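Here is how the chains run, residue by residue.
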Amino acid sequence: MDMKFHKLLIMILMLAALAVSSVSCIEDGVSSSPSDQPAFSVDTLDLGVVYTSEPAPTRRFTVYNRHSKIITLSNIEMRGEGSDRWRLNVDGHAGNSLTNIDIRPNDSILVFVETTLADVGRPGVERRVAHIDFTTNGVTQSVPVAVSATDLARLGGCVIERDTVFSAAYPIHVADSLVVAEGATLTLQPGVRLLFHDKAYFTVRGTLISEGTPDSPVDMTGDRTGNVAANIPYDIMASQWDGVYFAPASRGNDLRFTTIRNTVTGVQVDSLAQLSLRSCRLRNAAYYPLAAGQADITAVGCEFAEGGEGIVYLRGGSHRFDHCTLANYFLFSAIGGPALQLNGFSDETNASDAPLMKALFTNCIFYGLGFDLTDSDFTDTGVNFERCLFKSEASECKNFVNCLWDTDPLYHTERMEYYFDYRLQPESPAADAAQESEFTPVLSPDGDPVDTHLGAYPPAPLSAKN
């Protein structure tokens, strides 16, 4: 027993000596040379557009020690006007003034930055720059942090009861609901941005006029900015707000160059409501970007994309779609149905005494993941397709005239790179394949007619690369 105890004691003493030696080595390895300085993964950390009085999305960058000894960041501090509104987290230590943060040799730490900015106090964007000062061995280096600050106009439980015009002076934040009462008209001027909070909704019982232009589109989206995780932006996430609902009494609705995105259901059009869409983009919906029942819809030069259940759902009603793109590369769940889902177009598909559907699709593209079209017989119905491109295989008949079957339109989209660009590649079979339209020319963002192309001509890709 004594011998075993003696050996155990020697082993414990040896381990203790080794530990002391290791600590001593580490302590002896701390640099005090002014030439040993950290390196940074960014020259300037740009937070992009930040809404004042709202918490900005958190951004991060990396601080590297590329030397053979430990370096100690003896002081880290925010500097500049409004620096007290910035918050730092450096290697797990929070505050806007920190001391004595070590970085081991050939290692790195992360710095997280966030802010809630004071109001600008006027329309437009104000560029603001603060600095994070890092002092190491008596030398101070700075990383600028830049933001484009803009104030918000704020709405909560808003009911428009008389004719009203929203200007683009400020982005408009809708906390819970925006309702256009019956008999009232809401006009959205070019460049208006409506930012909807979680579960917020937009109901139109009267009339909505959206006057977007190629240079100043109207944008309706969620109020989240930044990335969900890594390089996945909120811009491509569905279910951020409920969407736009046109009630049965709603008439004369006209949306031009308008984007509606990140919704549960993008646009719902109820019985007998009327809606005209021109060069619009409805996308990123958990269910459908566009759903209508017994309504009257005209869509020209529009992009409908990314829906969990499908892209366009129509039940009964009277519809005219020309130069539209229906594309589904939805990321976040299995796609529930075909891109174009039609109901109420025949006695077999009509569940009520409502009139049967009348619909004409010309110069449109139906392509993406999953099926493109409801699997039904459209013979002797009021549903017709002329000069359209389909993913599926079929043959010409009375209801399908001069169509391109089993044909890839050659988008620029790279789904797994979160890059959604539905413009056509130069060699696309959909280029120069359109027929003459009864509508006025469909315009590109430059104002040039693009009637010769099938599908829409979206103004720009929606992308994590933007």
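Residues numbered from 1 in each chain as written. Predicted model: local features only at pLDDT ≥ 70, side-chain atom pairs only at ≥ 80, totals over all residues. Heavy atoms only, no water.

### Topic: the pairing of strand β10 (residues 139-150)
For clarity, the threshold we go by: Pairing between two strands is assigned when DSSP locates at least 2 bridges connecting them. Where helices and strands are cited, they refer to DSSP runs of H or I of at least four residues and of E of at least two residues respectively, numbered from the N terminus.
Here strand β2 (residues 45-51) runs beside β10; their pairing, made up of 5 bridges, is parallel. Bridge pairing links V50 to A149 in β10. Pairing geometry for strand β9 (residues 126-136) and β10, over 11 bridges, is antiparallel. For H131, the partnering residue across the bridge sits in β10 and is P144. If you look at the hairpin formed by β9 and β10, you'll find 2 residues sitting between the two strands, and N137 has a positive phi there, around 50°.

### Here's the deal with the pairing of strand β15 (residues 177-180)
Rule in force here: Only protein chains enter the area calculation, which uses a 1.4 Å probe; residues under 20% of their type maximum are buried, those over 50% are exposed, and those in between are partly exposed.
Burial along β15 is two-sided: S177 and V179 and L178 and V180, pointing in opposite directions, are all buried. In this sheet, β15 lies alongside strand β12 (residues 158-160) in parallel orientation, the contact comprising 3 bridges. Paired with V159 across the strands is V179, a residue of β15. Pairing analysis gives 4 bridges linking β15 to strand β18 (residues 201-204), with the strands arranged parallel. Each bridged residue has a counterpart across the sheet, and for S177 the counterpart in β18 is Y201.

### Describing the packing of aromatic side chains
For clarity, the cut-off: Stacked, edge-to-face and tilted are the three classes for Phe, Tyr and Trp ring pairs, Trp counted by its six-membered ring, which pair at centre distances within 6.5 Å; planes under 30 degrees apart are stacked, over 60 edge-to-face, the rest tilted.
Tallied over the entire structure, the rule returns 23 aromatic pairs. Note on F61 and F134: the rings are 6.3 Å apart at their centroids and 80° apart in plane angle, and the pair reads as edge-to-face. You can see F61 sitting in strand β3 (residues 59-65) and its partner F134 sitting in strand β9, a full 73 residues away along the chain. Comparing F61 with F134 shows no difference in burial state: the two are buried. Ring geometry for F378 and F385: centres 6.1 Å apart, planes at 70°, overall edge-to-face. Assessed through its relative accessible area of 3%, F378 is described here as buried. Accessibility expressed as a relative area gives 0% for F385, which makes it buried. An aromatic cluster is present here, built from F304, F321, F345, F361, F366, F378, F385, F390, F400 and W405 joined pairwise through their rings.

### A short note on the environment of A273
Here A273 lies in the loop between β26 (267-269) and β27 (274-278). The buried category is assigned to A273, whose relative accessible area is 0%. Residues A273 and Q294, spaced 21 residues apart in sequence, show a C-alpha to C-alpha distance of 8.0 Å.

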